Amino acid sequence: MERYGFESLVTYLTSHAGSLIHHIPKVRNLFVRKARQAAYEYLIQKNPDRRPILVQMEKLQIALNLLDTVLNRIEEGLYSKNAVTRASTLLIQELILEPTGMTRDIRENFKAKYGRRPPGFLVIAPTQRCNLRCKGCYAKSHAGSGGTIPFPILDRIMREKTELWGSHYIAWVGGEPTIYRSQGNDILDLAERHLDTLFFMYTNGVLIDRGMARRMAELGNILPQVSIEGFEKETDDRRGKGVFHRILKAFEVMREEGVPFGIAVTPMRHNCDLLTSDEFIDFYFNKEKATLAWVFQYMPIGRDYSLDLMITPEQRLRLLERERELLWKKRLFYVDFWNSGPLADGCIAAGREGGYFYIDGNGWVMPCPYYQFSPVNIFEVYQNGGNLNTIYDQPFFEAIRKWQDQYAYARVGNEMGNLLRPCPIRDHHKTALEIIRQYQPRPEDEDTERWLQDETVHQGLIEFDERLAELMDPYWKNVYLKEESEEYKKTTSLKREIQAQAII
Ligand code: SF4
């Protein structure tokens, strides 16, 4: 009881600290220094899971890159007071003060019961409907498609993820979250009821006008991540004529109102190099002032899937090298769902520790948006008296978590599997199929049912995996693991440099 009283005090102080961080540079610098030190001590000095040192240094560097960009954006006056307050409150509680919090008790109780720490967040499609009809959409969304999660259920999921898992993060995907409507509520009404949660909203951005941007700035807990495909030609080709200019308008009103935003890109065979080019980076980070970028390589699943749109293994290696330059030289937060496997210790699907489940607009719960098979429906779970832990308990998900453990997550140092090809459904396709065939989860819909029967796509993915292993395994060994290699030796000076950044 006393501890929770202390936690209320901490919450009070940290929420006021957010306001000070926003207004007073000296307080801001002190906070940043504390955050850097805490990250350095945890990742490099403590290294509790005994990961390879270069893996830990990349995690620290990406955190420092994000912190520095955020600091610059605050100084440029691009974030609202509430955005700074909400994010810093969470960061202080998670990174600096977490050991004293109720969150710690929840996570430890979960571990005592299930043998692992709980998932860290959920990816949810509040609605499967969308106002656009993009080519090759993995979610197969359009105006007439799919269901919508009723507001009270969404609200309950939000509450339970905090009460049962100590989680304060949600990613909204689509469909298009900004068109969500249920019982007179929109998606921002939900964010307003859960101010202790940060919402990453993956959106096509075209409906973000000044009114919506102003509401988001006032709430301060919504971070829109806007999908783009390159510049005007590439974006309009895939998403529809005029979309690029509407996105630029959305960026403008978000900057003016103080909403931090990022971009989300989908590398395909034709635009892969463009998405990491200097011109592209300069435009979105320096001119448009994005804070971060997420990379979702095209996956041959969903609407009109095609192996020919997927990047080749050679392109993937090139993409990795360029992404590492953006990490180490350009100092950006540019994170790839696949190539950045080292940053997350591998695949985070199926409710892995700190990872997530995906819930679609019809309530089907899946390992992730690209692994479109479900053993359980949240609407039915609630009707039958269950809760989010009923989902966690499904044998199909446990089988994936076991694979993650055996491949890399439960291993230490050089014994870890190659984190540069972490994905069961794409990089270890045979394994994913075996798990699907053994546990017989329900395909998400008819498209996925057809996909499951399509031997051509499976064969294509298996051949992709074989070639990927030929390219990525030597890279993993020589760059990340081999201590006598030139690349690895550089880690000593990098370590000093990181240390210097961390204790500035
Ligand atoms: S299954 Fe693949 S795409 Fe999904 S979280 Fe794991 S690595 Fe990422």
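These figures come from a predicted structure and were not determined experimentally. (Residues numbered from 1 in each chain as written. Predicted model: local features only at pLDDT ≥ 70, side-chain atom pairs only at ≥ 80, totals over all residues. Heavy atoms only, no water.)

Regarding the overall build of the chain
Move 1: When its secondary structure is counted, the chain shows 20 helices and 14 strands.
Move 2: Split into buried and exposed, the 504 residues of the chain put 60% on the buried side.
Move 3: Once local pairs closer than 6 in sequence are excluded, the contacts in the chain between residues at least 24 apart make up 74%.
Move 4: When the accessible surface of the chain is totalled, it reaches about 20,900 Å², and 52% of it is carbon and sulfur. (Helix = DSSP H or I, 4+ residues; strand = E, 2+ residues; numbered from the N terminus. Buried < 20%, exposed > 50% of the residue type's maximum accessible area, 1.4 Å probe, protein only. Contact = heavy atoms within 4.5 Å. Areas by Shrake-Rupley, 256 points an atom, 1.4 Å probe, with all protein chains shown as cover.)

Here's the deal with the environment of Leu198
Move 1: As for its placement among the helices and strands, Leu198 is situated in strand E5 (residues 198-203).
Move 2: By relative accessible area, Leu198 is classed as buried at 9%.
Move 3: Sequence separation between Leu198 and Leu223 is 25 residues; the distance between their C-alpha atoms is 7.6 Å.

With respect to the site of the ligand
Move 1: Around the ligand, the surrounding shell consists of Phe337, Trp338, Cys347, Ala349, Tyr356, Cys368, Tyr370, Cys423 and Pro424.
Move 2: Considered class by class, the residues forming the shell around the ligand number 9 nonpolar, no polar and no charged. (Near = heavy atom within 4 Å. Nonpolar A, V, L, I, M, F, W, Y, C, P; charged D, E, K, R; others polar.)

Looking at the packing of helix H9 (residues 232-239) against helix H10 (residues 243-257)
Move 1: Between H9 and H10, the shortest axis-to-axis distance is 8 Å and the interhelical angle comes to 110°. As summarised for this structure, H9 and H10 are arranged roughly perpendicular, according to the angle between their axes. Counting all contacts with H9, which are made through Glu232, Thr235, Asp236 and Arg239, the residues of H10 involved are Val243, Phe244, His245 and Ile247.
Move 2: Looking at the contact of H9 with H10 residue by residue, the classes come out as 3 nonpolar, 2 polar and 3 charged. (Axes fitted to C-alpha atoms, helices over the stretch in contact; angles between N-to-C directions. Parallel < 35°, antiparallel > 145°, perpendicular 65-115°, else oblique.)

Let's talk about the pattern of salt bridges
Move 1: All told, the structure shown has 35 salt bridges when counted by the stated rule.
Move 2: Between Asp405 and Arg116 there is a salt bridge whose closest N-O contact spans 2.6 Å. Remark: Arg116 occurs in the loop between helix H5 (102-114) and strand E1 (121-124) and Asp405 occurs in helix H16 (residues 395-409); sequence separation between them is 289 residues. Residues Asp405 and Arg116 agree in their burial class; the two are buried.
Move 3: One salt bridge connects Glu470 with Arg467, and the closest N-O pair in it is separated by 2.8 Å. With Glu470 and Arg467 both in helix H19 (residues 455-481) and 3 residues apart, the pair spans about one turn of that helix.
Move 4: Linked through salt bridges whose partners overlap, the residues forming this network are Arg116, Glu398, Arg401 and Asp405. (Salt bridge = Lys/Arg side-chain N within 4 Å of Asp/Glu carboxyl O.)

What to know about the side chain of Thr69
Move 1: With respect to the helices, strands and loops of the structure, Thr69 is situated in helix H3 (residues 53-75).
Move 2: Beyond its immediate sequence surroundings of up to four residues, Thr69 is in contact with Ala290, Thr291 and Arg331.

A few points about the packing of aromatic side chains
Move 1: On inspection of all chains with the given rule, the structure shows 28 aromatic pairs.
Move 2: Summarising the aromatic geometry, the rings of Phe337 and Trp338 are spaced 5.6 Å apart at their centres and angled 70° between planes, so their arrangement reads as edge-to-face.
Move 3: By relative accessible area, Phe337 is classed as partly exposed at 33%.
Move 4: Members of the aromatic cluster, each reached through a chain of ring pairs, are Phe110, Tyr114, Trp165, Phe357, Tyr371, Tyr392, Phe396 and Phe397.
Move 5: Between the NZ or CZ atom of Arg51 and the centre of the ring of Tyr409, over which it lies, the distance is 5.2 Å.
Move 6: Seen from the ring of Trp338, Arg426 lies directly overhead, with NZ or CZ sitting 4.2 Å from the centre. (Phe/Tyr/Trp six-rings, centres within 6.5 Å; stacked < 30°, edge-to-face > 60°. Lys NZ or Arg CZ within 6 Å of the ring centre and 35° of its normal.)

Examining the pairing of strand E6 (residues 222-228)
Move 1: Extensive coverage of E6 is indicated by the burial of 7 of its 7 residues.
Move 2: Side chains of E6 alternate between two faces, with Ile222, Pro224, Val226 and Ile228 and Leu223, Gln225 and Ser227 buried alike.
Move 3: Across 5 bridges, E5 lies against E6 in parallel orientation. Counted as the bridge partner of Met201 is Pro224 from E6.
Move 4: Pairing analysis gives 4 bridges linking E6 to strand E7 (residues 262-265), with the strands arranged parallel. Each bridged residue has a counterpart across the sheet, and for Gln225 the counterpart in E7 is Gly262. (Pairing = 2+ DSSP bridges.)

Overview of H19
Move 1: With 27 residues, H19 should reach 39 Å at 1.5 Å per residue; the first-to-last C-alpha distance of 36 Å fits that figure.
Move 2: Bending of H19 peaks at approximately 30° at the position of Ala469.
Move 3: Where H19 begins, one side-chain oxygen reaches toward the backbone nitrogen of Thr456, 3.0 Å away; that side chain belongs to Asp454. (Expected span 1.5 Å × (residues − 1). Bend = angle between axes of the 7 residues up to and from the residue. Polar contact = N/O pair within 3.5 Å; in protein donor to acceptor, adjacent residues only side chain to side chain.)

Remarks on the sheet that holds strand E8 (residues 293-295)
Move 1: Taken in spatial order, the 10 strands make up an open sheet running E9-E8-E7-E6-E5-E2-E1-E10-E11-E13, and their pairing is mixed. If you trace the sheet from one side to the other, it starts and ends with strand E9 (334-336) and strand E13 (376-377), each paired once.
Move 2: Its contacts with the sheet put helix H11 (residues 278-287) on E6, E7, E8 and E9, and the angle it makes with E7 is roughly 145°.

Concerning the environment of Asp49
Move 1: As for its position among the elements, Asp49 is in the loop between helix H2 (25-46) and H3.
Move 2: Relative accessible area serves as the criterion here: at 32%, Asp49 is assigned to the partly exposed category.
Move 3: Put simply, Asp49 and Arg411 are 362 residues apart on the chain and 8.4 Å apart in space, counted from C-alpha to C-alpha.
Move 4: Not counting residues within four places of it along the chain, the set of residues in contact with Asp49 comprises Arg411 and Val412.

What to know about the pairing of E7
One face of the sheet, then the other: side chains in a regular strand alternate in exactly this way.
Move 1: Going residue by residue along E7, you find Gly262 and Ala264 tucked away on one face and Ile263 and Val265 tucked away on the opposite face as well.
Move 2: Two elements, E7 and E8, share 3 bridges in a ladder whose sense is parallel. Paired with Val265 across the two strands is Val295, which belongs to E8.
Move 3: Handedness of the crossover is the feature at issue here: the chain leaves E7, passes through H11, returns alongside E8, and the resulting connection is right-handed. (Right-handed = clockwise from strand over helix to strand, strands pointing away.)

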